[in-house]
Amino acid sequence: MHRAFIISYTLIVLCGSICAAQVPTKKTDLTVADREAWQKVLQWPAALEEQWRRSRTTNDREQSGLVFYGLGRGNYLVQIEVHESSYQPRYLFMYFSKSRKAPARMLRLKTYEGDDDDVNKISTKVVEEAEGVPSFDETRKQLVFHTKGRGTGDCGSLVRYTITPARAIPSEARVHACFDDYSLGITDPLRWRRVKRL
């Protein structure tokens, strides 16, 4: 009985170390090959991975469309491009912890859109696949997501998210409707109307 326990324990430890060894360590200057390795670990949907491959405008193996942002203590926000586009690609975001205490999980983003006909109306929705231009505020450890309402960039939304293991929580949102009269457009999203109820 004691011998069986020791054999079982040894197998569990070996299997655990083999599984842990499969997690890539590289998180910067990622190539398409690195992306393939990370996709096996993080397991974002294969259909979205295929969508990204079909949408690519270049075969450059150095452009992975995958970025890791450090959140501290071995935790990361992972930005995964799932569709290339001329001015506004589509992305998934995942939370990943090196410690593996929290499983890698896809984050859902609450998005905001101003109504073109009623400036006082703002609609929201929660999505996993978001269209826009992301950036990361290293100081605040926040995702900043700018969605253009049209190519001129004079309308749309700008949202800041605080990242937790379970959620991306909006901490600030700004919107500007897309008016037919282009003179009413504002290209600086920091001047757009701030949303009071997040």
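Residue positions within a chain follow its written sequence, with the count starting from 1. For a predicted model such as this one, the threshold for reporting local features is a pLDDT of at least 70, and the threshold for listing and counting side-chain atom pairs is 80 or more; totals across whole chains, interfaces and linings nevertheless cover every residue. As a convention, hydrogens and water are excluded, and side-chain values are obtained from all of the structure's heavy atoms.

Caption draft 1: Geometry of a negative patch on the surface. Residues E113, D116, D117, D118, D180 and D181 make up a contiguous surface patch of negative charge. Residue position: D116 is located in the loop between β5 (109–114) and β6 (122–127). Here a patch means residues that are over 30% exposed by relative accessible area and free of salt bridges, tied together within 9 Å if like-charged and within 5 Å if nonpolar (Val, Leu, Ile, Met, Phe, Trp, Tyr). Shrake-Rupley sampling with a 1.4 Å probe provides the accessible areas, and residues are treated as covered by the protein chains on show and by no other component. The term salt bridge refers to a pairing of a side-chain nitrogen on Lys or Arg with a carboxyl oxygen on Asp or Glu at a separation within 4 Å. For the purpose of counting charges, residues Lys and Arg are taken to be positive, whereas Asp and Glu are taken to be negative. His and the chain ends are not included. One atom stands in for each charge, and that atom is NZ of Lys, CZ of Arg, CG of Asp or CD of Glu. To qualify as a helix, a DSSP run of H or I must reach at least 4 residues; to qualify as a strand, a run of E must reach at least 2; elements of each kind are numbered from the N terminus.

Caption draft 2: Quick look at the side chain of S97. Along the chain, S97 falls in strand β3 (residues 90–97). Pairs of N or O atoms within 3.5 Å make up the polar contacts considered here, provided that, within protein, one atom can donate a hydrogen while the other can accept it, and that residues adjacent in sequence are counted only when both atoms are side-chain atoms. Among the polar contacts made by the side chain of S97, one reaches the side chain of N75 at a distance of 2.8 Å. Polar side-chain contacts of S97 include one of 2.9 Å to the side chain of S99. Contact between two residues is taken to exist if any of their heavy atoms lie within 4.5 Å; hydrogens are not considered. Here S97 is in contact with G74, N75 and A102, once residues within four sequence places are set aside.

Caption draft 3: Geometry of the environment of S99. Among the structural elements, S99 can be located in the loop between β3 and β4 (105–107). Partly exposed residues are those whose accessible area sits between 20% and 50% of the maximum for their type, while under 20% is buried and over 50% is exposed, using a 1.4 Å probe and protein chains only. Given a relative accessible area of 44%, S99 falls into the partly exposed group. Along the sequence, S99 and G74 sit 25 residues apart, while their C-alpha atoms lie 6.8 Å from each other.

Caption draft 4: Molecular detail of the sheet that holds strand β11 (residues 168–176). Sheet architecture is open: 5 strands sit in the order β8-β9-β10-β11-β12, paired in antiparallel fashion. Because the sheet does not close on itself, it has two edges, and the strands there are β8 (133–137) and β12 (193–194). A strand pair is defined by DSSP finding two or more bridges across the two strands. Pairing analysis gives 2 bridges linking β11 to β12, with the strands arranged antiparallel. Counted as the bridge partner of R174 is R194 from β12.

Caption draft 5: Seen up close, the packing of aromatic side chains. Ring pairs are drawn from Phe, Tyr and Trp, using the six-membered ring of Trp, whenever the two centres fall within 6.5 Å, and their geometry is named by plane angle: stacked under 30 degrees, edge-to-face over 60, tilted for the rest. Applying the stated criterion across every chain, the model contains 8 aromatic pairs. Measuring from centroid to centroid gives 5.8 Å for F93 and F145, while their planes differ by 90°, and the two rings are edge-to-face. On the criterion of sequence distance, the pair formed by F93 in strand β3 and F145 in strand β9 (residues 142–148) is long-range, its members being 52 residues apart. The pair formed by F93 and F145 is uniform in burial state, with each residue classed as buried. Taken together, the ring pairs in this structure connect W38, F68, Y76 and F96 into an aromatic cluster. Remark: a charge is flagged as sitting over a ring if the NZ atom of Lys or the CZ atom of Arg is within 6 Å of the ring centre and within 35 degrees of the ring normal. In this structure, R35 packs its charged tip against the face of W52, placed 3.7 Å from the ring centre. Here R150 stacks its cationic end above the ring of Y182, 4.0 Å away from the centre of that ring.

Caption draft 6: Representation of the pairing of strand β10 (residues 156–163) within the structure. Of all 8 residues in β10, 7 are buried, a share of seventy percent or more. In the sheet, β9 pairs with β10 via 7 bridges, with the strands oriented antiparallel. Note that in β10 the partner of H146 across the bridge is L158. In this structure, β10 lies alongside β11, joined through 8 bridges in antiparallel fashion.

Everything listed here is a matter of coordinates, which is why it stays silent on function.
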